[in-house]
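# Observations on the three-dimensional arrangement
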Amino acid sequence: SSGINAEYGGAGRGIITAYPRQLESLIRLSEAHARMRLSNVVEELDVNEANRLYKEALKQAATDPKTGQIDMEILMTGLSATSRAKRAELAKFIMQSLTAGKKTLKMGELYDLCREGFTDGFTQPQFEMSVRDLLDEGKIIQTSNRQIRLKDI
């Protein structure tokens, strides 16, 4: 079908935009639909239904619940663009808090400080992921007694 060519074949410019696994999935779905019709031959209606099912599954899996927009990064990273942005903003707030105030804080104190000052709201896992990002980037250090401090430069 021309719809499939335009969406998965680079709109006729010789650019392949579909990954082999996506194409294999469409083939398997088309074959399964033909078998459901008790046919050994895949016809255009099978391909069209496979395409519809694939698009619907993709839409459900890649829709950012905050914006309602399709965000393909969700499939690759598990996080939507809005979640990644919030995580980065929270990490920035953590760094500002450590720089402006006490240089060393217990994890619970840092969490409470963020709760009081970070106006956008966040969950415990988002806080922990932001701290983990800063640890991984080498910007902060976590001591053995669960204290967080700026890394000495």
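No experiment lies behind these values; they were computed from the predicted model shown. (Residues numbered from 1 in each chain as written. Predicted model: local features only at pLDDT ≥ 70, side-chain atom pairs only at ≥ 80, totals over all residues. Heavy atoms only, no water.)

As a further point, take the packing of helix α5 (residues 81-100) against helix α6 (residues 107-117). α6 packs onto α5 with a crossing angle of 110 degrees between their chain directions and a minimal axis gap of 10 Å. Compared by their axis directions, α5 and α6 come out roughly perpendicular. Crossing geometry of α5 relative to α6 is assigned as right-handed. Of α6, the residues touching α5 (which contributes L90, F93, I94, S97 and L98) are L110, L113, C114 and G117. (Axes fitted to C-alpha atoms, helices over the stretch in contact; angles between N-to-C directions. Helix = DSSP H or I, 4+ residues; strand = E, 2+ residues; numbered from the N terminus. Parallel < 35°, antiparallel > 145°, perpendicular 65-115°, else oblique. Left-handed = near helix turned anticlockwise from the far one by under 90°. Contact = heavy atoms within 4.5 Å.)

The next subject is the environment of S30. Of note, S30 is situated in helix α2 (residues 20-36). Note: C-alpha distance between S30 and V47 (17 residues apart in sequence) is 4.9 Å. If sequence neighbours within four positions are ignored, S30 has contacts with V42, D46, V47 and A50. A polar side-chain atom of S30 sits 2.8 Å from the main-chain carbonyl oxygen of L26. (Polar contact = N/O pair within 3.5 Å; in protein donor to acceptor, adjacent residues only side chain to side chain.)

Moving on: the packing of α6 against helix α7 (residues 124-136). One can describe the packing of α6 onto α7 by two numbers: an axis separation of 11 Å at closest approach and a directional angle of 115 degrees. Classed by the angle they form, the pair α6 and α7 counts as roughly perpendicular. Like other packed secondary-structure pairs, α6 and α7 cross with a definite hand, here right-handed. From α6, M107, L110, Y111 and C114 reach across to α7, where they touch Q124, F127 and V131. When grouped by side-chain class, the residues that make up the contact of α6 with α7 number six nonpolar, one polar and no charged. (Nonpolar A, V, L, I, M, F, W, Y, C, P; charged D, E, K, R; others polar.)

This prediction gives the protein a mean pLDDT of 83; 88% of its residues lie at or above 70. For the stretch residues 1-14, pLDDT sits under 50, and the model shows 21 contacts to residues farther than four places along the chain or on other chains. (pLDDT = per-residue confidence, 0-100.)

A separate point is the pattern of salt bridges. Taken as a whole and judged by the stated rule, the model has six salt bridges. With a closest N to O distance of 3.3 Å, E56 and K59 form a salt bridge. Taken together, the residues E56 and K59, both in helix α3 (residues 44-62) and three residues apart, mark about one turn of the helix. Residue E56 is classed as partly exposed on the basis of its relative accessible area, which comes to 31%. (Salt bridge = Lys/Arg side-chain N within 4 Å of Asp/Glu carboxyl O. Buried < 20%, exposed > 50% of the residue type's maximum accessible area, 1.4 Å probe, protein only.)

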